[in-house]
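# Examination of the molecular architecture
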Amino acid sequence: MPEVTIRYFAAARSAAGESTATAQAGSVKELVSTVSVDRPELARVLGICTFMVDGVRVELDAHLGDGALVDALPPFAGG
């Protein structure tokens, strides 16, 4: 199973209580499930996030390779 890093931004960072985490996951969907187990607020926020893997926007079913960097980007409000 690949070891990957997820970076949390904005509301995701607040819900996670940290800016990064490392986990083993073969897809973005599996990563979201792994990092949010027993963390309902983080699961809620990640459910509305856009994800990027190594700088490229991806869907939840995207496969992850060892050392991938996943960014969790919640919707941002601008003004």
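Heads up: these notes are all about the structure in this document. (Residues numbered from 1 in each chain as written. Predicted model: local features only at pLDDT ≥ 70, side-chain atom pairs only at ≥ 80, totals over all residues. Heavy atoms only, no water.)

### What to know about the pattern of salt bridges
Here the idea is simple: oppositely charged side chains can pair when their charged atoms come close. Here is the rule we go by: A pair is scored as a salt bridge if a Lys or Arg side-chain nitrogen falls within 4 Å of a carboxyl oxygen belonging to Asp or Glu. Each helix is a run of DSSP H or I of at least 4 residues and each strand a run of E of at least 2, with the numbering of both proceeding from the N terminus. Between buried and exposed lies partly exposed: a residue is buried under 20% and exposed over 50% of the maximum accessible area for its type, with that area taken using a 1.4 Å probe on protein chains only.
Following the criterion strictly, the structure yields three salt bridges and no others. For arginine 7, the salt bridge identified is with aspartate 71, shortest N-O distance 2.6 Å. Of the two residues, arginine 7 is situated in strand 1 (residues 3-8) and aspartate 71 in strand 5 (residues 69-73); the sequence distance between them amounts to 64 residues. On the basis of relative accessibility, which here comes to 9%, the residue aspartate 71 falls in the buried class.

### Observations concerning the environment of glutamate 18
Definition in use: Here a residue-residue contact requires only that any non-hydrogen atoms of the pair lie within 4.5 Å.
Within the secondary structure, glutamate 18 is located in the loop between helix 1 (11-16) and strand 2 (20-24). Residues glutamate 18 and isoleucine 6, twelve residues apart in the sequence, show an inter-C-alpha distance of 10 Å. Contact partners of glutamate 18, with chain neighbours within four places excluded, come to Tyr8, Arg13 and Arg39.

### Looking at the sheet that holds strand 2
What counts here: Two strands qualify as a pair provided that DSSP identifies no fewer than 2 bridges between them. Axis definition: a line fitted to C-alpha atoms, limited for helices to the stretch in contact. Angles are taken between N-to-C directions and run from 0 to 180 degrees.
Reading across the sheet, the five strands line up as 2-1-5-3-4 and stay open at both edges, with mixed pairing between neighbours. Because the sheet does not close on itself, it has two edges, and the strands there are strand 2 and strand 4 (56-58). Strand-to-strand, the axes of this sheet are offset by a mean angle of 30°, without reference to chain direction. Where strand 3 (residues 50-53) and strand 5 come together, four bridges link them in antiparallel fashion. Following the sheet pairing, valine 53 is matched in strand 5 by valine 70. Contacts from helix 2 (residues 28-36) reach strand 1, strand 2, strand 3, strand 4 and strand 5, with the element oriented near 115° to strand 2.

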